[in-house]
Amino acid sequence: MSKPRKVHVKSFGCQMNVYDSHRMADTLAPAGFTETARLEEADLVILNTCHIREKAVEKVYSEIGRIREFKEEAARDGRSMMIAVAGCVAQAEGKEIIRRAGAVDLVVGSQNYHRLPQMLARVQDGEKVVDTEFPVEDKFDVLAAPRRDSIAKRGISAFVTVQEGCDKFCAFCVVPYTRGTEVSRPVEKIVTEVERLAAAGVREITLIGQNVNAYHGLASDGAPATLGKLLRRLAQVPGILRLRYTTSHPRDMDDTLIDAHAELPALMPYVHLPVQSGSDRVLAEMNRRHTREDYLGVIARLRAARADLVFTSDFIVGFPGETEADFRDTLTLVDEIGFAGAYTFIYSPRPGTPAADRPDQISPEVKSERLQRLQALITQHQRKFNAGFAGRELDVLLEKPGRLPGQLVGRSPYLQAVQVMAPANLIGSVQRVTVTEVGSNSLFGALADEARNPAFAAAGA
Ligand code: SAM
Ligand code: SF4
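Residue indices follow the written sequence of each chain, beginning from 1 at its first position. Lettering for chains starts from A, numbering for ligands starts from 1, and both go in the order in which the items are written. pLDDT decides what is reported in this predicted model: residues at 70 or higher carry local features, side-chain atom pairs at 80 or more are listed and counted, and totals for whole chains, interfaces and linings draw on all residues regardless. Only heavy atoms go into the side-chain values, all of them from the structure, while hydrogens and water stay out.

A.B. asks: I keep staring at the packing of aromatic side chains and nothing clicks. Help me out?
C.D. replies: The description of an aromatic ring pair rests on the distance of the ring centres and on the angle between the ring planes. Centres within 6.5 Å make a pair out of two Phe, Tyr or Trp rings, where for Trp the six-membered ring is used; the pair is then stacked when the planes are under 30 degrees apart, edge-to-face when over 60, and tilted otherwise. Applying the stated rule across the entire model yields 7 aromatic pairs. With a centroid separation of 5.5 Å and 70° between ring planes, the pair formed by Phe-319 and Tyr-347 is classed as edge-to-face. Taken together, the residues Phe-319 in the loop between β13 (310-317) and α14 (324-337) and Tyr-347 in the loop between β14 (341-346) and α15 (364-387) connect sequence positions 28 residues apart. Side by side, Phe-319 and Tyr-347 carry an identical accessibility label, which is buried. Two limits define a charge over a ring: the Lys NZ or Arg CZ must be within 6 Å of the ring centre, and within 35 degrees of the ring normal. Of note, Arg-244 hangs over the ring of Tyr-270, and the distance from its end group to the ring centre comes to 6.0 Å. Comment: elements are numbered from the N terminus, with helices defined as DSSP H or I runs of at least four residues and strands as E runs of at least two. Remark: exposure states derive from per-residue accessible area (1.4 Å probe, protein chains only) relative to the maximum for the residue type, with buried under 20%, exposed over 50%, and partly exposed in between.

A.B. asks: Before we go on, may I ask you to explain the site of ligand 1 in this structure?
C.D. replies: Within the structure, ligand 1 sits among 17 residues, and Phe-172, Gln-210, Gln-276, Asp-314 and Ser-348 are positioned closest to it. N or O atoms within 3.5 Å of each other form a polar contact, as long as, within protein, one can give a hydrogen and the other can take it, and as long as residues adjacent in sequence are counted only when both atoms are side-chain atoms. At 3.1 Å, a side-chain N or O of Arg-288 approaches an oxygen atom of ligand 1. The contact in question runs from an oxygen atom of ligand 1 to an N or O atom on the side chain of Asp-314, over 2.6 Å. Starting from 560 Å² of accessible surface for ligand 1 in isolation, the protein chains cover 91%. Looking at the shell around ligand 1, the elements that each hand over two or more residues are β13 and β14. Residues are classed as near a molecule or strand on a simple rule: at least one heavy atom within 4 Å of it. Note on areas: these come from Shrake-Rupley sampling with a 1.4 Å probe, and a residue is covered only by the protein chains present in the view.

A.B. asks: Before we go on, may I ask you to explain α14 in this structure?
C.D. replies: What sets the pattern is the α-helix's 3.6 residues per turn: residues three or four places apart point alike. In a helix, the anticipated span is given by 1.5 Å times the number of residues less one. The end-to-end C-alpha distance of α14 is 20 Å, a good match for the 20 Å that 14 residues give at a rise of 1.5 Å each. Should any heavy atoms of two residues lie within 4.5 Å, those residues are counted as being in contact. Buried residues along α14 sit against α12 (280-285), α13 (292-305), β13 and α15. Count one or two residues on from α14 and you reach Gly-338, which has phi positive near 70°.

In structure tokens form, the structure reads like this:
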């Protein structure tokens, strides 16, 4: 039996990192590690990093500086604290991290964290370890399965990585370099993981991947499946009430996925579909390999399959060479589609990507002015979208206690947070809720038919 130790994992960036952080903790459990939310008592601190924007990298270095002080304090108390940097910054910067931040003991790339226990043993022997090679084995084959206690802590809604990496090479993006080439997990491995999650009380699964709809994992008949087929299979897992997926690429929206939206009630009517720009000229220079028209076509096909589908997106403003006219094309696209929300990013030159070397970079002032205009427009659409729910009924998956006593918080099919007065025994169930008030960050509602709800009556509420 290994000596009990504590690990504190801090995640930056996307949902894939959140998932990876959970799996790192699961991998370390057999080596005696339990998770702690308190950095100061940790024997091992892992920063699971993101490299998508410049500030994210600087944030990691300043975070290491902060942790170094805890490490020094632990040393004064006669304890040792190891610091590991994982994820995409680790992958991209490699041993530069140890050169720049000597307090770091271990740098582990995004494909290598299944080897963490062995690497830590080397660190304990006094070595500084850097492991960022893309391995020949698949980390998903080697990783420990999610543990029941850790699943229970993670609640009603869980992420499952089904696909990683990207072969698309958009001119601005580091993902193909930091996460490597596209790899999909086999269908049955995903089904087993989802069954395990469902048995532990998870009711909603979000399938994640850098290009999740490029999924092509092998099915049990040996043929590659599509994301649509995978979703059909997962909809049959007992206990799973809701399915979602993110992030999709417009080029990979195939008929099986569109049909799945028409046919699977468990598949939520909400699609995050990054477009980046509304200008064909910029889209071509970004190497997105789709036009504005293609994108609108995909949206139309999805809406024809399910009329209540809502869309969110990612946008980059200030890509090199973007003119005011290009930017206005982005604004008109937002108006044309009416997104329910969007992530907006200022273009950040990432070393090693083709766009970073272009001479026609946009000034920071223009970039931030465009960002503000775009955000204002998106906020306007988002408010309009939410305001449309006042007085309407929605199915809400109740997830956890809310801010006020007696209140629960859940999600609508469109991923809006909904606060409802309801008894705790309804956590994990989908309830019909009447929206009574639309707030700036969430909706407020009441159980639509309390009288017909036996669980509610039993709780004496
Ligand atoms: N695969 C997805 C796609 O094709 O849209 C997105 C993956 S990426 C991790 C998430 C978002 O980060 C992108 O959609 C893009 O908007 C943003 N992003 C990526 N590289 C960026 C850069 N160099 N500067 C600013 N934003 C960037
Ligand atoms: Fe990056 Fe997405 Fe483009 Fe791949 S498709 S290079 S992950 S933005």
